[in-house]
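Commentary on secondary and tertiary structure
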Amino acid sequence: MKKLYKYRRLAGIFLLAGAVAIGTHTQAKDINKQDEIYYVVQPGDTLWSIASKHCTDEENILEFIHSIKTKNNISADLGVGQKIKIGSRPHESQSLNLKSSK
C-alpha cells in the first residue's frame, strides 16, 4: 500500500512538473511571435524613400535598407505593386508583457 501511495505521489509531481514545463514553453513561443510589417511599392518609390518612412531615429538607414533587401531577396529594382516585408513589431501579447514587467 505504501508503494502505491509513493508511486501516485511521484506521478503527481511529474505531472505538475510537465504542466509547468509546457506552460513555460507556450509562453516562450508567444513572446517570440511578431507581426510582420509589409509595404506595397508605389510609383516612384525607392528603397531609400521606403526606409526613410519606416526607419526609426535609432536605426541606421543603410542597415535598414540592407535588411529590407535581405528579407525580400531584392537584387534589382522594385516593381510597382510589389509587396515587401519591411520589418516586424512585437505581437500584442508581447508588448503587454513588456509593459507589465517595467
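Everything that follows concerns the structure shown earlier in this document.
Residues numbered from 1 in each chain as written. Predicted model: local features only at pLDDT ≥ 70, side-chain atom pairs only at ≥ 80, totals over all residues. Heavy atoms only, no water.

Another point: the overall build of the protein chain. Each helix and strand in the protein chain was counted, giving 4 helices and 2 strands. Moving toward the C terminus, one meets the helices and strands of the protein chain in the order α-β-α-α-β-α. Buried residues in the protein chain amount to 19% of all 102 residues. If you take every contact in the protein chain between residues at least 6 apart in sequence, the share linking residues at least 24 apart comes to 61%. By element, 58% of the accessible surface of the protein chain is carried by carbon and sulfur atoms, the whole surface being about 8300 Å². (Helix = DSSP H or I, 4+ residues; strand = E, 2+ residues; numbered from the N terminus. Buried < 20%, exposed > 50% of the residue type's maximum accessible area, 1.4 Å probe, protein only. Contact = heavy atoms within 4.5 Å. Areas by Shrake-Rupley, 256 points an atom, 1.4 Å probe, with all protein chains shown as cover.)

The next thing to look at is the nonpolar core. One recurring pattern in soluble globular proteins: nonpolar side chains tend to sit buried together. Counting 14 residues, the largest nonpolar core has Ile-50, Ile-68 and Ile-84 as its most contacted members. With 4 residues, helix H3 (residues 61-72) is the largest single contributor of residues to this core. (Core = buried A, V, L, I, M, F, W, Y, C linked by side-chain atoms within 4.5 Å.)

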